[in-house]
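Structural overview for review
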Amino acid sequence: MNPAQSIAQQFLQQYYQTLMTNKMALIQFYTDASIMTYGGEQYNGLKAINEKLESLAFQQIVYKVDDMDVQPGAVQNSLFLFVTGTLQMDGSDTFKFSQSFQILPNGQGGLYVHNDIFRLVY
């Protein structure tokens, strides 16, 4: 596994584990420069992304990542990730999803989600 794949895998494990255990803590992955697109609707900055996270009605969610692709990003030490998998909300049916992330250096030795595009696949 190359270093980019290792970083991407660690990021995804932290991201989805946070989503499954405390969805409101996901906001720590974003900054005011972040953009999230969820099901075709765009949310810009922390306030809008936080409001979207608050609006997610599920009480429990389980994610399973089936596949991940990673490429170096345009900015040094950034990554572009594409994820496919399944999710189950509140014990309901299982849905397929795809999600793309562009993660960039945060200037403090870590990374943040600059772009996030999520869509259920029907």
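Residues numbered from 1 in each chain as written. Predicted model: local features only at pLDDT ≥ 70, side-chain atom pairs only at ≥ 80, totals over all residues. Heavy atoms only, no water.

Right, let's get into the sheet that holds strand S2 (residues 41–44). Strand order in the open sheet formed by 6 strands is S2-S1-S6-S5-S4-S3, and the pairing between neighbours is mixed. The two strands at the open ends of the sheet, each matched to only one other strand, are S2 and strand S3 (61–72). Pairs of neighbouring strands in the sheet enclose a mean axial angle of 15°, with direction left out of account. Across 5 bridges, the pairing between strand S1 (residues 30–38) and strand S6 (residues 111–121) is parallel. Following the sheet pairing, isoleucine 35 is matched in S6 by asparagine 115. (Pairing = 2+ DSSP bridges. Helix = DSSP H or I, 4+ residues; strand = E, 2+ residues; numbered from the N terminus. Axes fitted to C-alpha atoms, helices over the stretch in contact; angles between N-to-C directions.)

Another point: the layout of surface pockets. One way to see where empty space is left: roll a probe the size of a water molecule over the atoms. Here the largest pocket defines a volume of roughly 160 Å³. Lining of the largest pocket is provided by 16 residues; of these, Leu19, Tyr38, Leu56, Tyr63 and Phe118 occupy positions nearest its centre. The greatest single-element share of the lining of the largest pocket, amounting to 3 residues, is contributed by S6. Here the lining of the largest pocket is composed, by residue class, of 14 nonpolar, 1 polar and 1 charged. (1 Å grid on protein atoms, 1.4 Å probe; cavity = no way out; pocket = protein on both sides within 12 Å on 5 of 7 lines; lining within 4 Å. Points joined across faces, edges and corners; volume = space filled by probe spheres on them. Nonpolar A, V, L, I, M, F, W, Y, C, P; charged D, E, K, R; others polar.)

Inspection of the secondary structure puts asparagine 50 in helix H2 (residues 45–55). With 24 residues separating them in the primary sequence, asparagine 50 and leucine 26 have C-alpha atoms 8.6 Å apart. Sequence-distant contacts of asparagine 50, that is, excluding residues within four places in its chain, are made with Met24 and Ile27. (Contact = heavy atoms within 4.5 Å.)

Our next topic: the UniProt feature "domain: NTF2" (unreviewed entry) in the protein. The positions that UniProt labels "domain: NTF2" (unreviewed entry) are, in the present scheme, residues 7–120. Within residues 7–120, the helical portion is 23% and the strand portion 51%, while the C-alpha atoms at the span's ends are 25 Å from each other. (UniProt positions renumbered as here; feature names shortened; annotations may be inferred.)

The next thing to look at is the side chain of serine 34. You can see serine 34 is positioned in strand S1. At 2.8 Å, the side chain of serine 34 forms a polar contact with the backbone nitrogen of threonine 31. Filtering out sequence-adjacent residues up to four positions away, serine 34 remains in contact with Tyr43, Asn44, Gly45, Ile49, Tyr112, Val113 and His114. (Polar contact = N/O pair within 3.5 Å; in protein donor to acceptor, adjacent residues only side chain to side chain.)

Turning our eyes to something else, we now look at the packing of aromatic side chains. Here a ring pair, both rings aromatic, is described through the centre-centre distance and the interplanar angle of the planes. Summed over all chains, the structure comprises 12 aromatic pairs. Taken together, the aromatic side chains of Phe11, Tyr15, Tyr16, Phe29, Tyr38, Tyr63, Phe97, Phe101 and Phe118 make up a single cluster linked through ring pairs. If you follow lysine 23 out to its NZ or CZ, it ends over the ring of phenylalanine 58, 4.5 Å from the centre. (Phe/Tyr/Trp six-rings, centres within 6.5 Å; stacked < 30°, edge-to-face > 60°. Lys NZ or Arg CZ within 6 Å of the ring centre and 35° of its normal.)

Bridging between S1 and S2 involves 4 bridges; their strand directions are antiparallel. Paired with tyrosine 38 across the two strands is glutamate 41, which belongs to S2.

Before going further, it helps to spend a moment on the pairing of strand S5 (residues 94–105). When strand S4 (residues 79–89) meets S5, the two strands line up antiparallel, connected through 10 bridges. Bridge pairing in S5 places leucine 81 opposite phenylalanine 101. Once S4 ends, the chain turns through 4 residues before running back antiparallel as S5, passing aspartate 90 with a positive phi of about 50°. Across 10 bridges, S5 lies against S6 in antiparallel orientation. Within S6, the residue paired with phenylalanine 101 across the bridge is aspartate 116. The antiparallel hairpin formed by S5 and S6 contains 5 residues in its connecting segment, where glycine 107 sits at a positive phi of about 85°.

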